[in-house]
Amino acid sequence: MEALKKFDGAYWRSLFDSRVGKTTWPYGSGVWSKKEWVLPEIDPDDIVSAFEGNSNLFWAERFGKQFLGMNDFWVKHCGISHTGSFKDLGMTVLVSQVNRLRKLKRPVFGVGCASTGDTSAALSAYCAAAGIPSIVFLPANKISTAQLVQPISNGALVLSIDTDFDGCMKLIREVTSELPIYLANSLNSLRLEGQKTAAIEILQQFDWEVPDWVIVPGGNLGNIYAFYKGFKMCQELGLVNRIPRLVCAQAANANPLYLYYKSGWKEFKPLKANTTFASAIQIGDPVSIDRAVFALRNSNGIVEEATEEELMDAMALADSTGMFICPHTGVALTALIKLRNSGVIGSDDRTVVVSTAHGLKFTQSKTDYHSGDIPGMGRFANPPVLVKADFGSVMDVLKDFLLSKKK
Ligand SMILES: *Cc1c(COP(=O)(O)O)cnc(C)c1O
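Residues numbered from 1 in each chain as written. Predicted model: local features only at pLDDT ≥ 70, side-chain atom pairs only at ≥ 80, totals over all residues. Heavy atoms only, no water.

Draft legend 1. Focus on the sheet that holds strand E7 (residues 213–217). Strand order in this open sheet of six strands is E1-E2-E10-E7-E8-E9, and the pairing throughout is mixed. Of all strands in the sheet, those with a lone pairing partner are strand E1 (57–59) and strand E9 (302–306), marking the two edges. Sheet twist, expressed as the mean angle between neighbouring strand axes with direction ignored, is 25 degrees. Note: strand E2 (residues 73–77) against strand E10 (residues 351–355), five bridges, orientation parallel. What sits directly across from phenylalanine 73, in E10, is threonine 351. Where helix H9 (residues 197–205) meets the sheet, its contacts fall on E1, E2 and E10, and the angle it forms with E2 comes to roughly 135 degrees. (Pairing = 2+ DSSP bridges. Helix = DSSP H or I, 4+ residues; strand = E, 2+ residues; numbered from the N terminus. Axes fitted to C-alpha atoms, helices over the stretch in contact; angles between N-to-C directions. Contact = heavy atoms within 4.5 Å.)

Draft legend 2. Representation of unusual backbone geometry within the structure. The step from tryptophan 25 to proline 26 runs through a cis peptide bond, and the omega angle for that step is -5 degrees. Here proline 26 shows up in the loop between helix H1 (9–19) and helix H2 (35–38). Even without a glycine there, the phi angle at phenylalanine 51 is positive, about 50 degrees. In this structure phenylalanine 51 comes out as partly exposed when scored by relative accessible area, which is 32%. Phi angles above zero are rare outside glycine, and tryptophan 265 is one such case at about 55 degrees. If you trace the backbone, tryptophan 265 turns up in the loop between helix H11 (256–262) and helix H12 (289–297). Relative accessible area serves as the criterion here: at 15%, tryptophan 265 is assigned to the buried category. (Buried < 20%, exposed > 50% of the residue type's maximum accessible area, 1.4 Å probe, protein only.)

Draft legend 3. Looking closely at the site of the ligand. Around the ligand there are 14 residues in total, and Lys87, Asp118, Gly219, Leu221 and Thr356 lie nearest to it. Separating an oxygen atom of the ligand from a side-chain N or O atom of lysine 87 is a distance of 2.7 Å. Within the backbone of glycine 219, one N or O atom sits 2.8 Å away from an oxygen atom of the ligand. Taking 380 Å² as the accessible area of the ligand by itself, protein coverage stands at 96%. (Near = heavy atom within 4 Å. Polar contact = N/O pair within 3.5 Å; in protein donor to acceptor, adjacent residues only side chain to side chain. Areas by Shrake-Rupley, 256 points an atom, 1.4 Å probe, with all protein chains shown as cover.)

Draft legend 4. Spatial organisation of the packing of aromatic side chains. In the structure shown here, the tally under the stated rule is 17 aromatic pairs. Their ring planes at 75 degrees and their centres at 5.7 Å tell us that tryptophan 12 and tryptophan 37 sit as a pair that is edge-to-face. On the criterion of sequence distance, the pair formed by tryptophan 12 in helix H1 and tryptophan 37 in helix H2 is long-range, its members being 25 residues apart. On the accessibility criterion, tryptophan 12 (2% relative accessible area) is buried. Tryptophan 37 gets classed as buried once you look at its relative accessible area, which sits at 4%. With centroids separated by 6.3 Å and ring planes inclined at 40 degrees, the aromatic side chains of tyrosine 225 and tyrosine 228 adopt a geometry described as tilted. Residue tyrosine 225 and its partner tyrosine 228 are both found in helix H10 (residues 222–236); the two are separated by three residues, about one turn of the helix. Residues tyrosine 225 and tyrosine 228 agree in their burial class; the two are buried. A connected cluster of aromatic rings, assembled from ring pairs, spans Phe7, Tyr11, Trp12, Phe16 and Trp37. Over the face of the ring belonging to tyrosine 27 we find arginine 19, whose NZ or CZ atom lies 4.0 Å from the ring centre. Geometry around phenylalanine 324 places lysine 366 over its ring, the cationic atom sitting 4.3 Å from the centre. (Phe/Tyr/Trp six-rings, centres within 6.5 Å; stacked < 30°, edge-to-face > 60°. Lys NZ or Arg CZ within 6 Å of the ring centre and 35° of its normal.)

As structure tokens, this is what we get:
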């Protein structure tokens, strides 16, 4: 920070703005356009990038007006990215550094991670691009097919282990302490250095105006801290003069941070996470718990939770206004709906929900919801109508449809 402070906020703002939309290697990437703040000394030749970042900040006008009574509601679509989740932002940094270490002939044979799906997808893609072996530990039958097929396609060694994420995490930590395999989980701060650029990007997309609230779904809790760090650096280096209030949103089936918050930060108890449609945050013993508490306490933050029905309904509502979000984003939207209903978030507050993955990775749960295959769920289901292949039958359906729209 001392070195960065040699330049003022105006310098950094115009430097970052000057790189947007350019293809000059590696600054066209949303992460590496902030290289001086991320990993300053690395040689551009060592960087492994897929031009991640620069994701759409979507003005969710219809959802905001219709369901929240808000004018200034935005969704930061971090999942519109190389492997379909925000994990790319951190993985480009970590794999670049490993690439550099290997060129320096350090004994790094490969990179490994435990994952609820998206980390392994990002790790295997970036490693494959650089020709570095990758090894991923996945909980058997607990991730979506779309997530599983990514590391398989990218040539990773995939271990499907009969345990949950926390069990995989414990095993990979033991294995990497014995073997020359570099650990890629987010307790490694290189990941968070990349992920924090999404916060800087939000400020930049608002022309360096600070939103009032930013809501992030949290599991292992690295990302909520990364957002805090990105905002805080912008404040300390003079790019903006305040930071937003942060909200961390958890699934009620995997809510150790929520319970800790509700206890007034008195007692943290790891728990056994239950199954949730928000499978990437099905974590009971988050490694970045202390960092998350630090971030929330220093941003006047809040923790909320979402039941399975709430998160699936919120996702369906958002989709019906033109988005196609993942269940984790449904968790964050539920938090917003609750905080709007309780009046904590005001109708004029500029609010950003961070969308963490692309909805196309989670089509099975959406399909099940809309076909009414999930017991007790489907308030906003929109199942396809089966029709005989004749003119009369099709006309009958359409007449009913037009009549129902008229009402
Ligand atoms: C990893 C992930 C999260 C949670 O991020 P943490 O840093 O573990 O809290 C949320 N949503 C999706 C889609 C993810 O892949």
